[in-house]
Structures are given as C-alpha cells and as structure tokens.
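Take a look at the letters that make up each chain.
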Amino acid sequence: VYLPLVIAFVISMGPISAASISMEAKNLWLMQSLPVSPLQVLTQKLKLHFIVNGVVSLVPSVVLSIMLGMKPVNVIIILIPIIFSLFSGLLGLMFDLKKPKLDWNTTAEAVKQSASVMLSLLLSVLAVCVPAIAYPVLLSFEIEISTEIFLACTAFYFILISLPVWFWIKNKGTKVFANL
C-alpha cells in the first residue's frame, strides 16, 4: 500500500513547475509575445515537470511491480505516481501563477525563496499524507479493505484533487499569465 505513496512523496520534493514562470522573469515578455496561446505555454511547462518527475517515477514503479509479481494491483502501483506527478505539476503551476517571484537577482532566489515553491511542496506532501494516514485509520476501526480497492481509491483521490486545479489553470490561470 505504501510503496506508490513513497514514490509520490519523493515526487513531491521536486516541484519543478512551481518555479517555472518565476525563472522566466526578465524574459517573460518573450513567451507572451509568441504566436501561441497562454494555455500552450503553461501546458509545456507542465509537460517538463511531468517528464522529469512522472517518467522518472516509472522506473521504480515498474521495478517494484516486477519484484512483487505482476498482479492487477501493480498497474495501480505504476499509475499512482504518474497521476500524482500531474497533480504536483498542476499545483506548482497554479501557485507560481498566483505568487510568481519575478524580482530576483539570482536564479537560486527564484527557486529557494519563492512562496509558490514552498506552498506547492507543503500541499503536495499533505496530499500524500492523506491516504498514508487514512489506511491505518481504516484498519484501526477494523474496516477491512483490499489493497487493490484502497490503491484505486487513492488514484481516484489524486485525480479528484487535480481537476479543480486544472480548471483554474485553464480558465483563470491563462488570463493571469497573459497579464503578468
């Protein structure tokens, strides 16, 4: 039960998208003047986050699945870190749109002193802690739940909390980006 959550926790420690707009500070006008929509620019920033975190999480997920023997639950073990990576990327992008740090002197300031990075990291960790705490709580109340069902619920939970963030980015976030 905890293996995909451990991988998701590691992903939460690398909020790449949470500084992706702040890093463009002095060159932000270049992206805004390109003949592409703001949603396309934001989607590409999300894609970079996903490639670095989501695709890299495939390696330990697949190795763990092989070590545990291929069962239907292993598909969920592989999917949870991927879904969480998308959530983490969306969350970082949303916070970087809301609180960009565009007045930095060194790139380290944009990453290490940014409110968007801190908020993204904290909420990502909190999102992983919810199912990690829920499982022993369910067991303490003697509620028997199979591993497959719990992991499927965890995957659904990450999808569910990703949707409002995606809709915010798609609707309001694109307008915020265009006006930065």
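K.L.:
I'd like to hear about the overall build of the protein, residue by residue, with values.
P.N.:
When you go through the protein residue by residue, the secondary structure sums to 7 helices and 0 strands. Listing every helix and strand of the protein by position from the N terminus yields α-α-α-α-α-α-α. Compactness check: the protein gives a C-alpha radius of gyration of 18 Å against a globular reference of 16 Å for 180 residues, within 12% of the reference. When burial is assessed residue by residue, the protein has 42% of its 180 residues classed as buried. The contacts of the protein with a sequence gap of at least 6 include a subset with a gap of at least 24, amounting to 82%. Across the protein, the centroid of the 11 positively charged side chains sits 13 Å from that of the 7 negatively charged ones.

K.L.:
Which residues make up the side chain of Thr-154, and what values do they have?
P.N.:
Of note, Thr-154 is situated in helix α7 (residues 147–178). Classification of Thr-154 by relative accessible area gives buried; the value is 2%. If we ignore the near neighbours within four places in the chain, the residues touching Thr-154 are Leu-5, Ile-80 and Pro-131.

K.L.:
Could you give me a rundown of the packing of helix α6 (residues 115–140) against α7, with the residues and numbers involved?
P.N.:
Angle between the axes and distance between the axes are the two parameters that describe a pair of packed helices. Contact pair α6 / α7: the axes reach a minimum separation of 11 Å and the direction vectors enclose 150 degrees. Considered as vectors, α6 and α7 are oriented roughly antiparallel to each other. The handedness of the crossing between α6 and α7 comes out as right-handed. Residue-level inspection shows Ala-127, Val-128, Val-130, Pro-131, Ala-134, Tyr-135 and Leu-138 of α6 in contact with α7, the latter providing Phe-150, Thr-154, Tyr-157, Phe-158 and Ile-161. Tallied by class, residues from the contact of α6 with α7 come to 11 nonpolar, 1 polar and no charged.

K.L.:
I'd like to hear about a positive patch on the surface, residue by residue, with values.
P.N.:
Taken together, Lys-98, Lys-99, Lys-172 and Lys-175 make up a surface patch of like positive charges. Locating Lys-98 in the fold gives a position in helix α4 (residues 72–98). Its relative accessible area of 47% is what places Lys-98 among the partly exposed residues.

K.L.:
I'd like a description of a nonpolar patch on the surface, backed by residues and values.
P.N.:
There is a patch of nonpolar side chains on the surface, built from Leu-48, Ile-51, Val-52, Val-55, Leu-58, Val-62 and Ile-66 and spanning about 550 Å² of accessible area. Looking at the element boundaries, Val-62 is found in helix α3 (residues 38–68). On the accessibility criterion, Val-62 (34% relative accessible area) is partly exposed.

K.L.:
I'd like a rundown of the nonpolar core, residues and numbers included.
P.N.:
Residues Ile-21, Leu-42, Phe-84, Met-94, Phe-158, Ile-169 and Phe-177 are the most contacted members of the largest nonpolar core, which totals 33 residues. Listing elements by their share of this core, those giving two or more residues are α1 (2–12), α2 (28–33), α3, α4, α6 and α7. With 12 residues, α4 is the largest single contributor of residues to this core. Apart from residues lying up to four places away in sequence, Met-94 is in contact with Val-165, Trp-168 and Ile-169.

K.L.:
Outline α7, supporting the account with residue identities and numerical values.
P.N.:
Taking 1.5 Å as the rise per residue, α7 with 32 residues should run 46 Å; its terminal C-alpha atoms sit 45 Å apart, in good agreement. Bending of α7 peaks at approximately 45 degrees at the position of Lys-172.

So, how was this worked out
- For every chain, the first residue of the written sequence is number 1, and numbering continues from 1 onward in sequence order.
- At least 70 in pLDDT is required for a residue's local features to be given in this predicted model, at least 80 for side-chain atom pairs to be given and counted, and no such filter applies to totals for whole chains, interfaces and linings, which use all residues.
- With hydrogens and water stripped out, all remaining heavy atoms of the structure feed into the side-chain values.
- Secondary structure elements are defined from DSSP: runs of H or I of at least 4 residues count as helices, runs of E of at least 2 residues count as strands, and each element is numbered from the N terminus.
- Note on method: radius of gyration uses C-alpha positions; expected globular size equals 2.2 Å times residues raised to 0.38.
- Type-normalised accessible area, obtained with a 1.4 Å probe on protein chains alone, sets the label of each residue: buried when under 20%, exposed when over 50%, and partly exposed for intermediate values.
- Here, two residues are considered to be in contact whenever any of their heavy atoms come within 4.5 Å of each other.
- Only four residue types enter the charge count: Lys and Arg as positive, Asp and Glu as negative, with His and the chain ends excluded.
- Think of each charge as sitting on NZ of Lys, CZ of Arg, CG of Asp or CD of Glu.
- To get an axis, a line is fitted to the C-alpha atoms, and for a helix only the part in contact is used. The angle between two axes follows their N-to-C directions and goes from 0 to 180 degrees.
- Should an angle lie under 35 degrees it is considered roughly parallel, over 145 roughly antiparallel, and from 65 to 115 roughly perpendicular; all remaining angles are considered oblique.
- Should the near helix be turned anticlockwise from the far one by less than a right angle, the crossing is left-handed, and should it be turned clockwise, the crossing is right-handed.
- The residue classification treats Ala, Val, Leu, Ile, Met, Phe, Trp, Tyr, Cys and Pro as nonpolar and Asp, Glu, Lys and Arg as charged. All others, Gly included, are polar.
- Only residues whose relative accessible area exceeds 30% and that take part in no salt bridge are eligible for patches, with like-charged residues grouped when within 9 Å of each other and nonpolar side chains (Val, Leu, Ile, Met, Phe, Trp, Tyr) grouped when within 5 Å.
- Calculation of accessible area relied on Shrake-Rupley with a 1.4 Å probe; when residues are assessed, cover is drawn exclusively from the protein chains displayed.
- Salt bridge, as applied in this entry: a Lys or Arg side-chain nitrogen positioned within 4 Å of an Asp or Glu carboxyl oxygen.
- Residues belong to one nonpolar core when they are buried, are Ala, Val, Leu, Ile, Met, Phe, Trp, Tyr or Cys, and are joined through side-chain atoms within 4.5 Å.
- To estimate the expected span of a helix, count its residues, drop one, and scale the result by 1.5 Å.
- A residue's bend is given by the angle between axes fitted to the 7 residues ending at it and the 7 residues starting at it.

Remember that the coordinates give geometry; whether it matters functionally is a separate question.
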